[in-house]
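For reference, the chains in residue letters:
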Amino acid sequence: MADAVLRTRALCKTYFGKVDTPVLHDVSIEIARGGFTALIGPSGSGKSTLLNCLGLLDPPTSGEIEFDGRLIRERNVNDLAAFRNGNVGFIFQFHYLLPEFNALENVLLPCWIGGGRPAAETRREAQRIMERIGLGAFRDKAVYELSGGQQQRVSIARALVNRPKVIFADEPTGNLDRESGQAVLALMAELNRESNITLVMVTHDREVALQADHIYELVDGRICRTLDVGRSGREAAARELEDRSCTFKQ
């Protein structure tokens, strides 16, 4: 891939304990800059673990991660946290908003973490983002006064406020009803197209995955299928996904 914002080479992850649990095995993938990539697979296949490794939340046991041309070698927790805060946004199934803060204050949390009290220009940018995603009228509301869909939109605005290179989303509509979930997915796809922000999403829903440009399917911690939906077309990709057999990449 000519312009990849993220690359992994032979990535492995094992959780060590009384019984060691290997989760990822020799995962080598590339994430296109400005694209929408979906990670799919059955429960326990390693999707969320891979996402956490890509997002630098969880270090791999072995292998390499290259982020925007930079080989990630840091092991210092504070250095990694600073790098994440400036380059990465996260959207999770549960929004993790702080109930003691209003919607705008929750959106500004990454700015507080990165540099203390946000400047007036930063606050204006946060308000602009909230207006853009339909939250302008709710910026002073306590988050517990918002609907589930509105709370998830707050978490999207929070992920966008530092203008990250990549947004990672782990089943972002899993706690929403179908209508709210579809609205959130449509918004994320629109922001991906308009803002050229790279989006990497874990989903169990193949219909959602087919909205992506690229799909990686995991089974038992290995990449078993790679689909270029933009090249093959959605119908052809859907037919291939109907075939539940998978061939592990060598």
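> What is the right way to look at the overall build of the chain in this model?
When helices and strands are tallied, the chain shows 10 helices and 11 strands. For 250 residues, the compact-globule formula gives about 18 Å, and the C-alpha radius of gyration of the chain, at 18 Å, lands near that figure. Projecting the C-alpha coordinates of the chain onto the three principal axes gives extents of approximately 50 × 45 × 40 Å. When the 250 residues of the chain are sorted by exposure, 50% land in the buried category. A fraction of 68% describes how many contacts in the chain between residues 6 or more apart in sequence connect residues 24 or more apart. Accessible surface computed for the chain: about 12,700 Å², of which carbon and sulfur atoms make up 47%. Of note, the chain has its 31 positive side-chain charges centred 3 Å away from the centre of its 33 negative side-chain charges.

> Would you mind showing me how to read the pattern of salt bridges here?
Close approach of charged atoms allows side chains with opposite charge to pair. Per the counting criterion, the structure on display carries 14 salt bridges. Between R9 and E66 there is a salt bridge, with its nearest N and O atoms 2.8 Å apart. One end of the pair, R9, is in strand β1 (residues 4-15); the other, E66, is in strand β5 (residues 62-67), with 57 residues separating them in the sequence. Salt-bridge contacts for K165 lead to D68; the nearest nitrogen and oxygen are separated by 3.9 Å. With a gap of 97 residues between them, K165 in the loop between α6 (148-160) and β8 (166-170) and D68 in the loop between β5 and β6 (70-71) connect regions that are remote in the sequence. When its relative accessible area of 33% is taken as the criterion, K165 is described as partly exposed.

> Explanation requested: the pairing of strand β9 (residues 198-202) in the structure shown.
Note on strand geometry: in a regular strand, side chains alternate between the two faces of the sheet. Here β9 lies mainly inside the structure; 5 of its 5 residues are buried. Side chains of β9 alternate between two faces, with T198, V200 and V202 and L199 and M201 buried alike. Where strand β4 (residues 36-40) meets β9, 4 bridges bridge the pair, whose relative direction is parallel. Paired with L39 across the two strands is V202, which belongs to β9. Taken together, the 5 bridges between β8 and β9 define a ladder with parallel strand orientation. Note that in β9 the partner of V166 across the bridge is T198. Crossover β8 to β9 through helix α7 (residues 178-195) is right-handed.

> Explain the packing of aromatic side chains to me, please; I cannot follow it from the model alone.
What the rule picks out here adds up to 5 aromatic pairs. For the pair F90 and F168, a centre-to-centre distance of 5.8 Å together with 25 degrees between the ring planes defines the contact as stacked. One end of the pair, F90, is in strand β7 (residues 88-92); the other, F168, is in strand β8, with 78 residues separating them in the sequence. By the burial criterion, F90 is buried, and F168 matches it. On the numbers, 5.2 Å between centres and 85 degrees between planes, the contact of F94 with Y96 is edge-to-face. Residue classification places F94 among the partly exposed residues on the basis of a relative accessible area of 43%. Among the aromatic residues, those joined into a cluster by ring pairs are F90, F92, F94, Y96 and F168.

> What am I meant to see in the pairing of strand β2 (residues 21-27) here?
Here β1 pairs with β2 via 4 bridges, running antiparallel. Of the residues in β2, the one forming a bridge with L11 is V27. Taking the residues between adjacent antiparallel strands as the criterion, β1 and β2 are bridged by 5 residues.

> It is not clear to me how the nonpolar core should be interpreted in this structure. Could you clarify?
Considering soluble globular proteins, one finds that nonpolar side chains tend to be buried as a cluster. Counting 43 residues, the largest nonpolar core has I156, M188, M201 and I215 as the members making the most contacts within it. Among all residues touching I215, those that are not within four sequence positions of it are A38, I40, A209, L210, R225, T226, L227, V229 and L241. One finds V27, L39, L80 and V166 within the second-largest nonpolar core, a separate group that totals 28 residues.

Parameters and conventions
Residues numbered from 1 in each chain as written. Predicted model: local features only at pLDDT ≥ 70, side-chain atom pairs only at ≥ 80, totals over all residues. Heavy atoms only, no water. Helix = DSSP H or I, 4+ residues; strand = E, 2+ residues; numbered from the N terminus. Rg over C-alpha atoms; globule rule 2.2 N^0.38 Å. Buried < 20%, exposed > 50% of the residue type's maximum accessible area, 1.4 Å probe, protein only. Contact = heavy atoms within 4.5 Å. Areas by Shrake-Rupley, 256 points an atom, 1.4 Å probe, with all protein chains shown as cover. Lys, Arg positive; Asp, Glu negative; His and termini not counted. Charge placed at Lys NZ, Arg CZ, Asp CG, Glu CD. Salt bridge = Lys/Arg side-chain N within 4 Å of Asp/Glu carboxyl O. Pairing = 2+ DSSP bridges. Right-handed = clockwise from strand over helix to strand, strands pointing away. Phe/Tyr/Trp six-rings, centres within 6.5 Å; stacked < 30°, edge-to-face > 60°. Core = buried A, V, L, I, M, F, W, Y, C linked by side-chain atoms within 4.5 Å.

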